[in-house]
Structure formats: C-alpha cells, structure tokens
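Here is what each chain is made of, one letter per residue.
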Amino acid sequence: MDFTAPTADQITAIRINAGIADLAAHERFAGASEDMVEAIVEGIGQFAAGEWAPLNRIGDQQGAKLANGTVSLPDGFAEAYRAFVEQGWNAISGPVEHGGQGLPFTLAANVLENLGSANMAFSLLPMLTVGAIESLQHHGSPAQQALYLPRLVSGEWSGTMNLTEPQAGSDVGALRSTATPIAEGEHAGRYRIKGTKIFITWGEHELSGNIVHLVLARTPGAPAGTRGISLFIVPKYHVHADGSLGPRNDLRCAGLEHKLGIMASPTCVMTFGDNDECIGELIGHENEGLKAMFTMMNSARINVGNQGVQIAERAWQQARGYARDRVQSARAGAADKNPVAIIQHPDVRRMLLRMRALTEGARALLYYTAGLVDRGALGIEGAQARADCLVPLIKAWGTDIGCEVASLGVQIHGGMGFVEETGAAQHYRDARIAPIYEGTNGIQAADFVTRKLGYEGGAVVTALLEEAARDCADMPAIAALASECAAIARWMASDASLDDRLAGSVAFTTMSAVAIAGWQLLRQARALSAENSPLAPAKQVVARYFADHIATEALGLKAAATAGSGLLYALDAETLAG
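A brief structural summary. (Residues numbered from 1 in each chain as written. Predicted model: local features only at pLDDT ≥ 70, side-chain atom pairs only at ≥ 80, totals over all residues. Heavy atoms only, no water.)

**What about the state of the cysteines?**
Test applied: By convention in this document, the label disulfide applies to cysteine sulfur atom pairs within 2.5 Å. In this scheme, a residue with accessible area under 20% of its type's maximum is buried, one over 50% is exposed, and one in between is partly exposed, where area comes from a 1.4 Å probe on protein chains only.
Considering all chains together, one arrives at zero disulfides under this definition. Here C389 stays free of any disulfide, with the sulfur of C485 as its closest cysteine sulfur at 13 Å. A disulfide-free cysteine, C472 has its sulfur positioned 12 Å from the sulfur of C485, the nearest such atom. Using a relative accessible area of 0% as the deciding quantity, one classes C472 as buried.

Below, the structure written as structure tokens:
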C-alpha cells in the first residue's frame, strides 16, 4: 500500500507535453523556472507520500461520520490538512494579489495528481476549493474577491459546488432552489436561499475555518430552464467586512450518502433555509449563473480527468509490487520448474505493460491539456479553443482509464485482489465515481460532438487531429487512428444528424483521446531519446505498446462511431426494457 510519487515521469510530461519552459518565458509565469518546477514536483510528491498516503487505508476503513449535525473525519486528517495549508500547497496557482504564487495551472495539476494518488477521497477537498477560486476570480466583484479569495487561496477556508438536486440529476435547468431578494435590514441587497442539494462533496466538515458554498438557485420570475439560474455565495459562517466570522448561517448537512468508495470524503445532503434565514450573496448578475458555473466545471472536469491518472498510478504501483513479490508456478516452457514471481508470466506482463501505457498516456494527455490552459490564460491565439476541445477527452477517457487500470490491478492480485486486505479493491471502488463526476462521460462525449465540434465549424478539432496524424508519420498506428478521427469529425460536422453524432459520441471521444495521448507519448519518447536520457528505452517500449495495442484497438471503434442511431431506436422503449 506504499506510494512513491512518479516524479520522473511527471517532470517528463510537464517539460515535454505542457512545454513548461515556453510558459516560463512569459513574464506572468517567469517563476516557473526549471529549478522551481523540480522543487515543486519533488516536494509535493514527498509530502503526499509522507502525510496523505498513510491515511488512505485509514480513511477507507473509518470513513466520514455525521452526528448531531457535525461531520467527523478519520484519525489524522485534521493534522494532514493543516500541514497542507501551512506549507502553501493550496496556493500554487492562486492569484498573486490574493496571496497565491501565480504559477501555471500545470503545476497546480501536479499538486492534485500527487495528493489524489496518495489519497483520492482527501484530495477532493482542495479540488473543490480550486473551482470556487476560479469562479470568484472570473465572476466575483472586487469586494467579494478581497473578502473570500485570500482565505480560499491559502486553504484556510474551503469551497464547494452546490448544483445537483434530487429531482434534477444532471439536468441543472430543473433545479428548484430559490433566492429571494432582501430589501431592507442588515442583509439588504442579499438573498434568502432555500432548497436542498445532494451529492455535495465535502459539504460539511471541521477541517477548514469556514466553508464557502457556491449555490445555484432561481430568483423570483426567473426564466425557466438554464436561462433562469443564478449563482450565490452562501458561507457556512457569516463573514464580517473585516473577514472575521460571525454566527452560523441557516444551512446544515441533513445526511451523508452511503457510497461505493471514497469513504473518507463526506458526500452531503445539504439543506438551505430551514428557518428561512439562509443568507446568500449574488455572484455576477441574476440569470448568469450558468456562465459562472461553467468556469468551475471546466476546471473541475480537467481535475476529475486527473483523478483517473491518480488512481491508475496508485493501482499500477501496487500491482507491480505484488507481481514482483508473489511467487507462483514455473515459467511456461522453462527448463527450471521452480515457481517464479508472477511478473515473469506473459499474461501478467501483458496486464502490467497495459497498465503502465494507459497511465502514462493519460498523464501525457493531462499535461498537454494543462499546458494549453496556461497558454489560453496568456492569450496565445487558438490555445483556449484547443484546450476546450481536449477537456471532454481527458475527463472521459482519463476516468475510464482509471477504472480499467484499477480493475487490472485487482486481476493481477487474483483472489487476493477481491478481498479488502490488500487494498486493491479500494482503488477499484474509489475510481468508479470519476466517470460520473462533473457531468457523466456520456455527457462529455455529447459535449465533444456538439459544442466542441462546433468550434469554427469543426476546424479546431480536425486541425488538432490532423496535426497529430502528420507528426506521427513514424508511428503508423497512431497516424492511422488520428487520420480516421479527423475523417469522422468532418463527417459529423457536415453530414451526420444530431442523433447519429450522439450515437457515435462515446466511441469517437475514446478514439480521439487515444490518438492524442498516443501522439503525446511519442513526443516524450522522441525528446528523451534525443537527450540520451536513461528514461528513453522504457518510454520507447511504452509508446510502442500504446500504438500497437491500444491505438489499434481504438481504431476498431470506427464502426461504432459511424454506425448512426438507427439500431438504437429499432426497438420501442417498452420492448427494449422488456
């Protein structure tokens, strides 16, 4: 169950895929020097391994508990969170004017990667705070930013997103929570919030001094659907003008969800305004909550894709350790009939190499996306549009990879993987939420073939795929996959009906993600070889395996991507459910 941060591979991805040196050439990110990057990656890796990883199993066994309205966390969590805040890890990419270090998002992604590999349930706490920071940074008033951002950036306070309601699920436009303007009294200009939200990650706890809930609600007379949604700051404790805390707001955790995994993360049912005295403050303008929400969601979707990498890394590390230590059976065809470590058996080798290739490929895609986000922040032409198109790929495929690699980890452990003692099952259970978080992977695929494919009439997506195909001429399997993806993109953008695009969306999203990840792995292999790096031989094998096996499999999804929707509707609903 030990965890060691994969520092060398992370630095490789940050250097080559994110292009950190190019980012550091800009004044805004000048602090991201080579020495600083290495210090951050090594430092957070050591912190995560030493402080958070030992709590992963404890968290799974003890879980979060609710009693008398208070959520208690497993032993050691309070001390570990305090150390995280005191060492400044939460402030890596926060705005300098509010106490942050102003470093690239790429490095903040690395902080979350290491924390999540060490302890995914715990890492959800700072991950949600990142979303709150981004929303306030882009849409909050100067007064709101001055009051809330310094404490959120430091991690002294934490943030949440309150979107989902029992009757609405993923249909945010169906929410019923209300926000009634207050005309007079001490809270004049604010709103009374009333409603119930479900699945609120880290919605109640005692680790931070205050919890800043960002809550979607409707004002009186607001338009129906998503056009009538507004976003509000609803703190757990009222905040005075000088930043000091007042009495508790009228909100509470009504229950904790009983989940498959991430047991240490309190997933709350939150009620607002039981006594009609829950006070919230509007962010931006009324009926513009969806815009502010998507600022949070874009960041959150990349960070959830990161969770796939996190769990894959942890499962891969545990599986390779078990395979080295577990002795069972002689090697097939060997003259020596003595039992060998199972890492010597071909099928175990197959699973281990697949786990490694998927994990490193997803990491390469993650940091390529993060680097483009940073270029978008610098205003580099075309970067933000390309980053936007990659978001559904890293979120959907990245989290699918987390599940697959965790499953393979259980398989390598054999029967011992299916029992709880080894911990392999925990990774499998923890991983399963990520394809659901922040818009299910089906929603990500739908977004890719509708909104993102619509960028410049499909030109942004096709240019990305065509560039990958050209650059992978020396890796035919990746080139072929990228070329087929570009052709499918053109078909979807011009000839396919909406139903046909949606029917093929998951297959096409997977194909595209594999093509870009394979391309980014090849870039790593080339660069390391040119540098005569000792990492080069292994990376060449990983890139070749990814191309010959994983990309070739993905090419087989072309039929599903282009089949159209006819067969899906060949049976009526009653017969289908039959």
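**Quick word on the nonpolar core**
Short version of the rule: In these notes, a set of buried Ala, Val, Leu, Ile, Met, Phe, Trp, Tyr and Cys residues joined through side-chain atoms within 4.5 Å is what counts as a nonpolar core. Note on contacts: a residue pair is in contact if any heavy atoms of the two residues lie within 4.5 Å.
F122, W397, I412, F508 and I516 are the most contacted members of the largest nonpolar core, which totals 174 residues. Beyond its immediate chain neighbours, meaning those up to four positions away, F508 contacts F448, V449, L465, C485, I488, A489, M492 and A561.

**Observations regarding helix α8 (residues 142-154)**
Under the convention used in this document: Only runs of H or I of at least four residues qualify as helices and only runs of E of at least two qualify as strands under DSSP, and these elements are numbered from the N terminus. To estimate the expected span of a helix, count its residues, drop one, and scale the result by 1.5 Å. One axis is fitted to the seven residues ending at the residue and one to the seven starting there. The bend at that residue is the angle between these axes.
Here α8 spans 18 Å end to end across 13 residues, near enough to the 18 Å set by a 1.5 Å rise per residue. Y148 marks the point of greatest bend in α8, at about 40 degrees, and the proline P150 comes within the next four residues. When we look at burial in α8, the residues that qualify are Q144, Q145, L147, Y148, L149, R151, L152 and V153. Those residues of α8 hidden inside the fold are in contact with α7 (120-139), β3 (158-162), β6 (211-217), β7 (230-235), β8 (237-239) and β12 (279-283).

**Thoughts on the side chain of N303**
Looking at the element boundaries, N303 is found in helix α9 (residues 289-325). Discounting chain neighbours no more than four positions away, the residues touching N303 are F105, L112, M127, V130 and Q310.

**Digging into the pattern of salt bridges**
This is how the line gets drawn: When a carboxyl oxygen of Asp or Glu lies within 4 Å of a side-chain nitrogen of Lys or Arg, that pair is called a salt bridge.
Tallied over the full model, the rule gives 30 salt bridges. Two residues, R192 and E277, come together in a salt bridge whose shortest N-O distance is 3.7 Å. Note that R192 is positioned in strand β5 (residues 191-201) and E277 in the loop between β11 (267-272) and β12, a separation of 85 residues in sequence. R350 is the partner of D347 in a salt bridge, and the nearest nitrogen-oxygen pair spans 2.7 Å.

**A closer look at the packing of aromatic side chains**
Keep this limit in mind: Here is the rule: rings of Phe, Tyr and Trp (six-membered ring for Trp) pair when centre to centre is within 6.5 Å. Planes less than 30 degrees apart are stacked, more than 60 are edge-to-face, and the remainder are tilted. Think of it as a cone above the ring: NZ of Lys or CZ of Arg counts as a charge over the ring if it is within 6 Å of the ring centre and within 35 degrees of the ring normal.
Evaluated as defined, the whole model comprises eleven aromatic pairs. A ring pair is formed by Y368 and W519, whose centres lie 5.6 Å apart and whose planes are at 70 degrees; its orientation type is edge-to-face. Remark: W519 occurs in helix α17 (residues 505-530) and Y368 occurs in helix α10 (residues 346-377); sequence separation between them is 151 residues. No difference in accessibility class separates Y368 from W519, as the two residues are buried. An aromatic cluster of at least three residues, connected via ring pairs, comprises F47, W52, F77, Y81, F84, F122 and W202. Of note, R151 hangs over the ring of W157, and the distance from its end group to the ring centre comes to 5.3 Å.

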